[in-house]
Each structure stands twice: as C-alpha cells, then as structure tokens.
There are 4 protein chains.
Amino acid sequence: MSRIAFIGLGNMGGPMAANLVKAGHAVRVFDLVPAAVDAAVAAGAHAAANAADAATGAEVVISMLPASRHVERLYLGDDGLLATLSPDALVIDSSTIAPASAKKVAESAAARGVAMIDAPVSGGTAGAAAGTLTFIVGGEAQALERALPVLQAMGKNIFHVGASGAGQVAKLCNNMALGAIMAVTGEAIALGVAHGLDPNVLSQMMAVSTSRSWATEVCNPWPGVHANAPASRGYTGGFGNDLMLKDLGLAAEAAMGVGASIPLGELARNLYAMNSRAGNGGLDFSSVVKLVAKDV
Amino acid sequence: MSRIAFIGLGNMGGPMAANLVKAGHAVRVFDLVPAAVDAAVAAGAHAAANAADAATGAEVVISMLPASRHVERLYLGDDGLLATLSPDALVIDSSTIAPASAKKVAESAAARGVAMIDAPVSGGTAGAAAGTLTFIVGGEAQALERALPVLQAMGKNIFHVGASGAGQVAKLCNNMALGAIMAVTGEAIALGVAHGLDPNVLSQMMAVSTSRSWATEVCNPWPGVHANAPASRGYTGGFGNDLMLKDLGLAAEAAMGVGASIPLGELARNLYAMNSRAGNGGLDFSSVVKLVAKDV
Amino acid sequence: MSRIAFIGLGNMGGPMAANLVKAGHAVRVFDLVPAAVDAAVAAGAHAAANAADAATGAEVVISMLPASRHVERLYLGDDGLLATLSPDALVIDSSTIAPASAKKVAESAAARGVAMIDAPVSGGTAGAAAGTLTFIVGGEAQALERALPVLQAMGKNIFHVGASGAGQVAKLCNNMALGAIMAVTGEAIALGVAHGLDPNVLSQMMAVSTSRSWATEVCNPWPGVHANAPASRGYTGGFGNDLMLKDLGLAAEAAMGVGASIPLGELARNLYAMNSRAGNGGLDFSSVVKLVAKDV
Amino acid sequence: MSRIAFIGLGNMGGPMAANLVKAGHAVRVFDLVPAAVDAAVAAGAHAAANAADAATGAEVVISMLPASRHVERLYLGDDGLLATLSPDALVIDSSTIAPASAKKVAESAAARGVAMIDAPVSGGTAGAAAGTLTFIVGGEAQALERALPVLQAMGKNIFHVGASGAGQVAKLCNNMALGAIMAVTGEAIALGVAHGLDPNVLSQMMAVSTSRSWATEVCNPWPGVHANAPASRGYTGGFGNDLMLKDLGLAAEAAMGVGASIPLGELARNLYAMNSRAGNGGLDFSSVVKLVAKDV
C-alpha cells in the first residue's frame, strides 16, 4: 500500500480519492474548498493544510484540477511541488489539460528526476464513484507500471498511448470526436423527427447501423429514448456543455499548435459555445441538440 | 415463390437479383446496360426487353436505380409502370432517393390501389452479394408483411421506420451522421498523428471509448489500422466519396424542405465535395481524411 | 408606353407596379390578396379577375412571386400564361427563384416564341418604393433591350449577367456572399466587444479597412452603430432572416446541382436556420448576430 | 526628430525603418538576419550589435516581429529591453500578436513606468514601402499622442481603438472578417462560373451590390478579374495564406479566451489550413478559392 497525496477533490477527484482509501492506501488530501476536504476525511482520508503538506513524504502524488494553469501552478516554480518532492516519488496528473502544458510539467519533473505520467480519465462522475474509469496514459512505460496498482483502484481500463502529453492528446481526440458525433446525431434525429419519424424507432435503427455510436447506444440526445440519459431528465447531470466546450477548445489549440485542420471539430466547438450562449452551459452536452430541434 | 420484376442491375441490384433467383423466385430483369442483363441471366434470371415487359404479370416489382429522376421516370407518367401494373402487385423501391420523390411515387401508387414501400438498403456491395443487407422500410405494415419473404432473400435486418418516404428519411439520417462521423474521426486521428501518436494505438483506445463508431471499429480511415478497410488498399472499393456526397446532398435537401438546420451535416457535405474536387470522388468516402492529413 | 400585366403585389411588387403607373404605363394587376389589388388600384392600376385576365392583350408580363413553384404554376401547363400569350409579348420574371426553375420556364417560353428574361432585384422595399432597384438580368440581349424602358421605371442599375437563369444565379451568388459577410461581421464585432472594444470605434475602423462591406458601411448588425439600420430598432424592418434563409437554400441547391462546394455559404445557411429556430425568423437578417453575442 | 530603435527588419519592418530614416529620424536597427540589417544600413539606418544595443539611449523603440513569443522574449525577463529602458522611452509594438500577450507586455512596461502602445498595421508590403500603412492602436491616448509623429512617417491612417491590447483585438477582428469574406467571395464566384457565368461580369455586379467588399473591389480571388491582384499572377505576392492562417488562429484563441463563438471565422481558419495542407501555404490567401474551384 502507498502513501498518496491527492490534490483536487471536485466531482471527479472526491470519489477517486475515496476509492484509494477503500483499496487500503494512506491518502492525504487537499482542496481549496473546505467542504470537499471534509467529505474526503469522512471517507477515511487525512486532511492536509495545503498541497505541499499533503505531498510531504508521499510516494505518489495525484492531481485532478480544472485547467492547465492550476496544474502548472501546483507543480512548477520555486514553491511548486516539484521543488520539494523526493526523486523517488511518482506524479500522476489526471486533469484534462493542454498537451503542451502536460509536456512542460513532465519535462520539469524529469529534470528533477521525478517520474510523471499524464493520465486523464474518461467515464464521468459515475465511473469515478464506481471505480470504473478509463485512464488514457502518456509517459514512460516504467512509470506507468509503477502507477498501475494505484490506477487500478480507481479505474478499469488503462491505455498507454505514448510519451508524456500523449495521454492528453488522445483524450482530446476522443472528446473532440465525441462532441461532433453527439451533435451530428442530434441533427440527424431532429431531421427525422421533423419528417414525422419516431425518434425511438430511428435511434434503434441507427444504433445497429453504420452511424452507431455511444450517442445512439447509451446516451441519446433525444428525450425519452434512453431512460437513464441526461436528455430524459431535462439534460441535468452527465458531462456539462461547458466542459465539452473546454475540451474542444483544448483540441483547437492542439490543432493550431501543429498546423492541423479540424473543420468539424471546430464547428462543433462553436455549436457548444452557442449553446452555452443560449443559457445551457450547465446542462449535459447532449443539450446541444436544442440549437437544431424544436421542443426538446 | 413469386414472379418478380427487377429493374436496375448495377453493383447492388445485380447480386440482389441473383439472391432472389437462388431463393427460388422467378425473376425477370431489365437494365439499360446489356452486360448487366447478361450477368443476371447467367445467374438464372430471365431477360426482358424493357421495364414494362419485365413487369408484365409480375407479383412484385423491385427497383434499384441511381436517383430520384430515374425512379419517377420508371413509375410515373402515361408510360410509367404504375399505369399498367395490376392492383394486386407490390412495388418495392430500394433506390436511395429524395424522401419527397419517394412519397410522390407512393401516393401515385396508392391512387391506383397498388401497394408500395420504400426500402433503401445499407450494407454495401458485400452485403448485397452475401444476402445480408439491412432494409430500412417506409410504408404500410401490411405492405411490408407481404414484402418480407422477398426482402429476407436479400437481407438480414429489416427496420420498419414509418409511413411512405420514412425509409428514405431514415437512410439519409444514418448516412448523414455516418459521413460526419467518418470525417471527424479522420480529423481526430490526424490530430493525434500530428502530435506523434500511433494511429493504431489511438484508434484502439477510441474504439472502446465514448467516441467509438463504425469508423473506429470496422472501417478506420487511416491506412493500416484495419487490414480489410479501403484505407489499407489505397481507398479503393468500399462506398464511394461521390455516393456519400449524393446522400449528403439529399439530406441537405430534406433539411431545407422542413426548415431544419444540420450545420455539421452540411459542412460534411462540403468536405466530401472538396475531396471530390481534389480528384478523389471515385475513392472510398473515408479518403476524406486526405483533406486534413499529410501522407495518407 | 406599354400595356403591362403585373402579377404578385406583395411588399416588393406593390410599389413596383405603382412606379410603372407613375411612368405612364397601362398596368393591369392581379394578386390572390384582394387588399393588395385594392392598393394597386388606388395607385392607378386596373384590377384583373385573375392572372390570365391581367395578361390578355398585354405587351409585357411581369411577375413578382414568392417561390419557384408559384412561377412555374403561373406560366407552365395547359392553363399557364405561356399557353395563351401572344408571341409578341415579353415576359419579365423578377421573383427570386431556383435557376433551374427559371431556365425551365424560359425554355418553355422560347418554345412558344415568347421572349423572356429573369430579372431578380436587389434593393429591398425601400428601393422598390423609390424606383431605385437593381435588376440582375439573365436572357438574350435583345429581350433585355425591349425590357429596358419598363425596368428603368422601377430601378436604377441594370446588370446583364448572362443567358436565361443567369440572373437568378448571380442574385444567389450575391446574397450568399452577403449572408456570410453579415454573419461573420457580427462575429467579429461581438468578439471585439467581448474584449472590451467599443462597437462603434471598431466598426468605423473596419468600414475603411480590408474587411469593409455593406455590413460595416451601411447596415451594421450591432445596435446603435448605424442609426437607420434594423439593428438600431430591434431588428425590425429590413430583409427578413427567413428570406435570407430561403436564398441561401436556393444557393445550396444551385451548388448541389453542379457539384460545387460552398462550405461557408452552407454554414451561413445553417446559422440563419438556427436563428429562425430561436424565434427570430421574422426579424432582419442581421439579427443572426444574436447567436453569438450577449445582450443584443 | 527622435532617436529610434527598430527591431525586426522583415518584409514589413525593413521599409518601415527606411521611411523613418527618410523622415529625418536617427534609426538604430537590429535583426537576426545580417542581410536585413545591411539593407537598412544602405537606406541610412545605423546597425546595432543586438536589440539591447539598438535600444540604448533610444527615445522610441519599435518592434515588428513574427509572433507573440518573439515579442515577449524581446521585452520581458531579466535580459529583456524593459529591464534597461529609460522610463522616458516610448515603446511601439507593431507586430500582430495575441491580445493577451500584448496586454502582458504592456502591463510589464507600465509597472516600470514605460509608456507602450500596440500598433499592428494593415496595408501590406506595398503600404509599408509607400508609407501609407494603417495603424490600429491600443493603449493610452497620451502615449499615442507621443507616437503620432513617428507613426505618421510610416502610415496614413491611425485608429485608436481602446486600451492596451485593443489594437491587436481590432486587427484580428478585421482579418478574421477579411479571411471569411475572401473565402466566401471565392465560393460565390466559383458557383457562378460553374453555372456558366462570366467571372468578370459577376464580380462587377457584386462589387457595386450588397456583397461588395475589398475582395470584389480590389483583390478578386478569380484570375483575370483584377489585373494587379495576386490571382492574376499565379497567386504570388500579396498576403500569404499561412499569414492569414496565423491571424485566424490568433482570432480563435482570442475567442476561446472570452468564451466567444465565431463559427464562420473558425471554419475559415480550417479552409486556410486545408489550403496550406494542399501545398498553397506560400501563395496569396486568395488562393483559398482553389479548394472549391476547378482550374484556377
């Protein structure tokens, strides 16, 4: 069992830390929100006064933060964790951030002899609670091997997709495609409904045909098709429109950084931005169908 | 067993007619291309002098034609088949055409007391040859019931999605979503590759994640990922770029007809049009990735 | 002075007919809406019982109708005007319709020896009232020459852009570009405003720089920049969002008919469709900026 | 007359520095490319060993560099110019860079009591040579007043659009709209030509109608319409596709930074990226029409 520091106890980080406790690890936690720390303590973690305190003596440091700037601030600079961590420590950043940022932190870690992987997740809050997340990992195979026992306490599938930053790139590739697939699936169903088709029948056909996807199989954007999908409960819960918007923005930045063109990806980004502008930023991202459909 | 007239013996119609013969039906065929008729005769069909000749005395008329105008010309007008068909006959149009056109012909058939369904297919030439096509059917349940023994000789899955024209609408919804999914999947993989990721590893991850689709599971647009996909043989075979372009055009028309907006669907249409303009119209539609990727 | 039949007395047709009367022509009018006929009569025109009655003995027939189907119904078929018009008559269709439809009617006219031009207009209701419309003409030079005295009573600029149908094509090219220019100008100003810029100052700079256009010079989409623009009076008046949507739909059809790609044109189409879906279909088309801007 | 340091002597900076010399200023120059320095010296400037050397004793420092990172490197950090400049000095950055970057440098200058404006230009290499550039200025009015005599030696129009960074924002708004306007104008003309219209006639009509723009008035993307436009000499010269691509990327970043949506702007970005991918990155940006037109 390991001594683990866990920084960032939001909707994802909280249950992830709890699963580490459940697996028998000694977990010291920190978050700027006291209530989040309290909840983790109630689940068996130990409260730290700040991130540096949490990391003192830790064998593994895990971070789950909102954006690139938070991750850079946590690790870099004179008062960043990398300045004080033991070279024996292993760093796992599970935040979804810019690949360039992930590489920058990883290089800084490597310069200090600290092993680090980027390990963004897929699976949402439900997966975080159930311990069934998918980890998409960038970094050295050796570092991943050391991380395995810890990752397996929080997730089910672990993909090693390349060197440092590759985990972030792959996560963005997945989410960019997902964002466009969800939106065009909404367009297709709205088109069918406008022609008088039953959204259930149309969706069932699509779910077993060449346009099948997670959107038609699991999380249909049309109300009533999947009883447990956000669309069937007013688009509440799920993966927020503005989180998808953030990931599509990171994908666009990643594309611009290498001169890539992602016409559908960027149009999807703008659709989620317009949906946010229409007041739906806090709803599940499948609410993007509202832009093109009446009465949903 | 039925007396069947089969009009249109192209890459799809030819093997479909052959499967009907194999199932024991008496099939009279016509096509403007003599070689296509010869091939059908070699498979056991009987040659007719023209469409009207093929339809004389037929219990079932099946058409598999390139576009709306061919279907309207075949059935409508003073010399169209509907003017001479017996009211007992059943008409099955398996062409992919405009929903408005399908409805127009079906209404004309209904006015003459002739039962008609639109039954466009999915599954490609391989599915046509193997008799494993999917039929997406619009029309009355009673007419579909009569058609079942005939359809089952050519396909495996049969979806009844609504009234006349609904089969065409649903087919277009599927193909529109497919066209956008294929293109954005290509964008995502190209983005990953530009960042140094291995297209195989990235695709495997996507195939079991939330961006999974037929494109990542079966027909990856990146060369070498799926050994049997068109991308791995120079984008030859498969479903042609210009056929996808045609279907996306029909989807756009269907959207305009009801005031629907399909921003990703129409952008996808334009990507396939630009790919055609770049000289790739005859390649598989997954070649659309060439617009955004180097060296594929 | 000529004996003129004028069919279609809407917001555009009404004042156009009045200007013909003012110029001394004998104008017989018809419209399905009695009040529209009454207004024309009050302006000095003569009421006809129907279109055929209006056209009896006319030297020039002018039509100003909403869509292709109305124009085809007016002129074609056994009871269409072309069946009874004298070969000496000249037909001027000023409706904005599909180029294919314009060509079809012109060919039918030619087959009967009747000269016809398509002459869609630009300039809006203000231009129609002031007699300062721009006519964009397709057809033979000889026919245009005969039409000149009549067109000059209603407009100021007359462009001869090609053979039959070319007037419609050119009109659509103009309106497609206009639709995209207005929308992207709105995006640019909204982007500047979101960064704290003054929309007036930004617009003034753009109006004399390389992004200048009718949108920044005359009809700014941001409220308050141009006092007389629809944006400064709640987007009322002007050229309706749904009329622009109609023209962009015709442009898309024209593109599909020749295998052209118009990625920005079709995305613009979808933006206007989404703006219509948001309830702004009856507002001026510059209200499309609402999709991307807060508080306008 | 002032003592001026000029850093960055590329296609734009070179002639700008020469105009300052011509106006009687004492200009000390630096560029990493020796030949560029030699040319400036030949025009009457004095060579400096490096940027710091050029800036020693300067009353005004002007920079004209390729990208944000070059500007930040020049001014910021322990060895940046701001560390050594006299508080009496005035800094003018005419590079086109990210607004966030411009603000960062301006804040750093302000912290040291150094006045600074961002003053990106429009007008191209021809305007730089002729001294007719347009300056789009962000910063305090007082600083701009001090800069006027210097700016007027290089340009003709000067717009003050707001506080620090506003010059960059406004430049990006202009260029984003320009990029989309050029591309959709190309789509419109290609659509007309595909329907048999004469590109000259169509362009002349558009140039005086509601779709008029710099593209139809001055720099038509279709070969042969404007004899002096890049399109009429194989798309050489002019404003490079990849420079437009860079500006559209900056606009996209600026949009993402404030949660704005710019659907047409980002689609335009992707069109220029695809044109670059097709091998046309070095051509004038009007070559984007090649994506949608045959034989240009």
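This structure is a prediction, so every number in the text was calculated from the model and none was measured. (Residues numbered from 1 in each chain as written. Chains lettered and ligands numbered in written order. Predicted model: local features only at pLDDT ≥ 70, side-chain atom pairs only at ≥ 80, totals over all residues. Heavy atoms only, no water.)

## Some words on the packing of helix α11 (residues 241-257) of chain A against helix α12 (residues 263-280) of chain A
Residues and elements named next belong to chain A.
Okay, step 1: One can describe the packing of α11 onto α12 by two numbers: an axis separation of 9 Å at closest approach and a directional angle of 150°. With respect to α12, the axis of α11 lies roughly antiparallel. α11 and α12 meet at a crossing whose hand is left-handed. Where α11 approaches α12, its residues N241, D242, M244, L245, L248, G249 and A252 are matched on the opposing element by G265, E266, A268, R269, Y272, A273, N275, S276 and N280.
Okay, step 2: The residue inventory of the contact of α11 with α12, partitioned by class, reads 7 nonpolar, 6 polar and 3 charged. (Axes fitted to C-alpha atoms, helices over the stretch in contact; angles between N-to-C directions. Helix = DSSP H or I, 4+ residues; strand = E, 2+ residues; numbered from the N terminus. Parallel < 35°, antiparallel > 145°, perpendicular 65-115°, else oblique. Left-handed = near helix turned anticlockwise from the far one by under 90°. Contact = heavy atoms within 4.5 Å. Nonpolar A, V, L, I, M, F, W, Y, C, P; charged D, E, K, R; others polar.)

## Points about the interface of chain A and chain B
Okay, step 1: Listed per partner, the contact involves 53 residues of chain A and 53 residues of chain B.
Okay, step 2: For the chain A and chain B pair, buried surface summed over both sides reaches about 4,700 Å², with 73% attributable to carbon and sulfur atoms.
Okay, step 3: Summed over the three residues of chain A that lose the most area to chain B, namely L191(A), T210(A) and L264(A), the buried surface amounts to 15% of that side.
Okay, step 4: Joining chain A to chain B, the criterion identifies 2 salt bridges.
Okay, step 5: With a closest N to O distance of 3.1 Å, E217(A) and R212(B) form a salt bridge.
Okay, step 6: Residue assignment for the side of chain A that touches chain B shows that the elements contributing at least two residues are β9 (155-162), α8 (166-194), α9 (199-207), α10 (214-217), α11 and α12 of chain A.
Okay, step 7: Partitioning the side of chain A that touches chain B into residue classes produces 38 nonpolar, 12 polar and 3 charged. (Buried area = accessible area lost by both parts, 1.4 Å probe. Salt bridge = Lys/Arg side-chain N within 4 Å of Asp/Glu carboxyl O.)

## Quick look at the relation of the copies chain D and chain A
Okay, step 1: Screw-axis analysis of chain D against chain A gives a translation of 0.0 Å along the axis, an RMSD of 0.0 Å, and a rotation angle of 180°. The two molecules are tied by a two-fold rotation axis, judged by turn and shift. (Least-squares fit on C-alpha atoms with pLDDT ≥ 70 in both.)

## A look at the UniProt feature "domain: 6-phosphogluconate dehydrogenase NADP-binding" (unreviewed entry) in chain A
Okay, step 1: With numbering aligned to this structure, UniProt lists the feature "domain: 6-phosphogluconate dehydrogenase NADP-binding" (unreviewed entry) at residues 3-162 of chain A.
Okay, step 2: Annotated as residues 3-162 of chain A, this span is 40% helix and 25% strand, and its ends, taken at the C-alpha atoms, are 27 Å apart. (UniProt positions renumbered as here; feature names shortened; annotations may be inferred.)

## With respect to the UniProt feature "domain: 3-hydroxyisobutyrate dehydrogenase-like NAD-binding" (unreviewed entry) in chain A
Okay, step 1: According to UniProt, the feature "domain: 3-hydroxyisobutyrate dehydrogenase-like NAD-binding" (unreviewed entry) maps to residues 165-291 of chain A in the numbering used here.
Okay, step 2: Structurally, residues 165-291 of chain A is divided into 61% helix and 0% strand, and its ends, taken at the C-alpha atoms, are 34 Å apart.

## Re the domain arrangement of chain A
Residue and element names in this part refer to chain A.
Okay, step 1: Split into domains, chain A comes out as domain 1 (3-163) and domain 2 (169-291).
Okay, step 2: Distance from the C-alpha centre of domain 1 to the C-alpha centre of domain 2: 29 Å.
Okay, step 3: Counting residues at the interface gives 9 residues for domain 1 and 8 residues for domain 2.
Okay, step 4: For the pair domain 1 and domain 2, the summed buried surface comes to about 740 Å²; carbon and sulfur atoms form 69% of the total.
Okay, step 5: Between domain 1 and domain 2 we count 0 salt bridges in total.
Okay, step 6: Where domain 1 packs against domain 2, one counts 4 residue pairs in polar contact (both at pLDDT 80 or more). (Domains from an automatic or database assignment. Polar contact = N/O pair within 3.5 Å; in protein donor to acceptor, adjacent residues only side chain to side chain.)

## Points about the interface of chain D and chain A
Frequently, the measure chosen for interface size is the accessible area removed from exposure when the parts meet.
Okay, step 1: The interface is formed by 15 residues belonging to chain D together with 15 residues belonging to chain A.
Okay, step 2: In total, chain D and chain A occlude about 1,200 Å² of area from one another, counting both sides; carbon and sulfur atoms represent 57% of this.
Okay, step 3: Counting the contacts that link chain D with chain A gives 2 salt bridges.
Okay, step 4: Ionic pairing is found between R269(D) and E266(A), a salt bridge with its closest N-O pair at 2.5 Å.
Okay, step 5: Inspection of the region where chain D meets chain A yields 8 residue pairs in polar contact (both at pLDDT 80 or more).
Okay, step 6: Secondary structure elements with two or more residues in the side of chain D that touches chain A: α11 (241-257) and α12 (263-280) of chain D.
Okay, step 7: Looking at which element gives the most residues to the side of chain D that touches chain A, the answer is α12(D), with 7 residues.
Okay, step 8: A class-by-class count of the residues in the side of chain D that touches chain A yields 9 nonpolar, 3 polar and 3 charged.

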